[in-house]
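# Summary of structural features
Chain residues, written in single-letter form:
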Amino acid sequence: MRTYKIAAIPGDGIGKEVISAGLEALAVLSECSGEFQLNFEHFDWGSERYKSRGAFMPANGTEQLESFDAILFGAVGAPDVPDHLSLWGLRLAICQPLDQYANVRPARILPGIGSPLRNATAQNLDWVIVRENTEGEYSGQGGRSHRGLPEEVATEVSVFTRNGIERIMRFAFALARSRPRKLLTVVTKSNAQRHAMVLWDEIAAQVAADFPDVAWDKMLVDAMTVRMTMQPETIDTVVATNLHADILSDLAAALAGSIGIAPTANINPERRFPSMFEPIHGSAFDITGKGVANPIGTFWSAVMMLDHLGEPKAAASLMQAIEQVTADPAFHTPDLGGTATTSSVTDAVVDAIRRPLVRRFDRTALDRCARSSP
Ligand code: IPM
Ligand code: MG
């Protein structure tokens with residue numbers, strides 16, 4: 001039996017609710033398959049820990065994570081903790097040392113979900129955004145001096161390295177090549193940012209030479225927002241800097257129907273370190289504790305995790321279960337305009353995972369994955 005060690009970090013807000021839903025679905029999925037086992041270990045890292053003990057995670061936190069095969073992350077952020085502390089204290093404190101430099105964000109209109117774009121359909125809006133995840137505008141360089149005085153100064157320095165750009169370009173071209181359309185858009189802002197973004201463009205062109213079968217084009221980030229809105233069908237795979245892709249991926253999630261659905265994978269492609277999978281939506285304190293958080297973003301992130309672990313069959317059956325459930329408006333949570341709850345959606349996904357076994361009268365498998373909690 002293939003066994004994987006998964007670190008579960010629910011974090012703050014609705015992170016706890018969606019991760020427990022995700023673990024439930026994953027447990028049923030692995031039991032039904034009978035081929036692999038997921039051993040979860042829970043970590044109570046997050047803003048509560050910060051408030052009581054002064055740090056979001058232990059000093060040796062990333063070392064603790066190194067022995068895991070993957071990390072499933074909920075969200076971080078609390079109303080009474082400044083966002084830049086929680087982000088740098090937990091999420092970036094994991095992504096950067098574990099060198100998860102490729103952040104992959106698919107956006108697709110799932111069955112039953114409406115797009116705010118009049119003409120967008122599942123056929124013409126199917127994108128993957130690759131976000132550079134360790135440097136650029138999020139490199140953490142800069143500082144503040146002369147605090148409170150009129151001459152106060154703050155710098156936030158973007159850092160781009162040849163290595164950092166080249167590896168994300170290679171990753172993005174390879175991902176584009178693996179998709180049917182073999183089409184990559186390199187997002188830039190080299191008209192205004194004449195140093196780093198020009199280097200970005202040059203390296204894109206150099207890497208492109210190694211991928212002659214991938215068609216690629218270049219797009220200024222501002223114009224890219226227009227293209228995503230007006231001509232979604234002309235886009236397939238996208239690569240952009242840390243900040244540009246942060247912004248474009250929110251737009252993508254909204255155009256695909258809801259930020260509650262969007263998944264993300266923070267990948268260390270060389271597999272020297274575990275990769276981390278999380279829904280995009282964040283801690284959402286306005287709905288925390290109400291039981292209405294959409295767990296689909298976490299389920300879809302779990303699909304990406306299973307694919308990364310090398311369990312494509314389980315990944316495909318979870319994705320199929322997700323799509324069956326989103327197709328039915330009775331299972332739409334309030335972010336999608338419905339009245340479903342986290343647990344009703346989770347139950348429906350679990351039922352959909354088991355349905356093919358019922359159809360096949362696979363008694364042994366059904367007995368094995370009778371409803372159980374992780
Ligand atoms: C994201 C989020 C984070 C980011 C926030 C929570 C700081 O927006 O993952 O896209 O900007 O990276
Ligand atoms: Mg964002």
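Owing to the predicted nature of the structure, the values given are computational and were not obtained by experimental measurement.

Okay, the side chain of threonine 185 next. Mapping threonine 185 onto the fold places it in strand E8 (residues 183-188). Beyond its immediate sequence surroundings of up to four residues, threonine 185 is in contact with Asp217, Met219, Met224, Arg227, Thr237, Val238 and Val239.

Our focus in this paragraph is the pairing of strand E9 (residues 215-220). Of the pairings in the sheet, the one linking E8 to E9 comprises six bridges and is parallel in character. Within the sheet, the bridge partner assigned to leucine 183 lies in E9 and is alanine 215. The β-α-β motif built from E8, the intervening helix H6 (residues 196-208) and the parallel element E9 has right-handed crossover chirality.

The volume enclosed by the largest pocket comes to roughly 650 Å³. Around the largest pocket, the lining comprises 26 residues; the ones closest to its centre are Val104, Pro106, Leu175, Met304 and Asp307. When residues of the lining of the largest pocket are traced back to their parent elements, those giving at least two are strand E4 (102-108), strand E5 (126-132), helix H5 (162-178), strand E11 (263-267), helix H9 (296-309) and helix H10 (312-326). In terms of residue count, H9 provides more of the lining of the largest pocket than any other element does, five residues in total. Taken together, the residues of the lining of the largest pocket sort by class into 18 nonpolar, three polar and five charged. Here the lining of the largest pocket spans two domains, and each of domain 1 (1-100 + 263-374) and domain 2 (115-144 + 151-256) adds at least three residues to it. Considered as a void within the structure, the second largest pocket measures approximately 500 Å³ in volume. What lines the second largest pocket is a set of 25 residues, and nearest its centre among them are Val76, Leu87, Arg91, Ile280 and Gly282.

Once that is clear, we can look at the domain arrangement of the protein chain. Partitioning the protein chain into domains gives domain 1 (1-100 + 263-374) and domain 2 (115-144 + 151-256). Each side of the interface is counted separately: domain 1 has 11 residues, and domain 2 has eight residues. Our count for the domain 1 to domain 2 interface comes out at one salt bridge. Residue aspartate 99 pairs with arginine 167 through a salt bridge whose shortest N-O separation is 3.0 Å. Put simply, domain 1 and domain 2 have four residue pairs in polar contact (both at pLDDT 80 or more) between them. Taken together, the elements giving at least two residues each to the side of domain 1 that touches domain 2 come down to helix H4 (83-95) and E11. For the side of domain 1 that touches domain 2, the leading source of residues is H4, giving four residues. Along the lines of polarity and charge, the residues of the side of domain 1 that touches domain 2 split into seven nonpolar, three polar and one charged.

Definitions and limits used
- Residues numbered from 1 in each chain as written.
- Chains lettered and ligands numbered in written order.
- Predicted model: local features only at pLDDT ≥ 70, side-chain atom pairs only at ≥ 80, totals over all residues.
- Heavy atoms only, no water.
- Helix = DSSP H or I, 4+ residues; strand = E, 2+ residues; numbered from the N terminus.
- Contact = heavy atoms within 4.5 Å.
- Pairing = 2+ DSSP bridges.
- Right-handed = clockwise from strand over helix to strand, strands pointing away.
- 1 Å grid on protein atoms, 1.4 Å probe; cavity = no way out; pocket = protein on both sides within 12 Å on 5 of 7 lines; lining within 4 Å.
- Points joined across faces, edges and corners; volume = space filled by probe spheres on them.
- Nonpolar A, V, L, I, M, F, W, Y, C, P; charged D, E, K, R; others polar.
- Domains from an automatic or database assignment.
- Salt bridge = Lys/Arg side-chain N within 4 Å of Asp/Glu carboxyl O.
- Polar contact = N/O pair within 3.5 Å; in protein donor to acceptor, adjacent residues only side chain to side chain.

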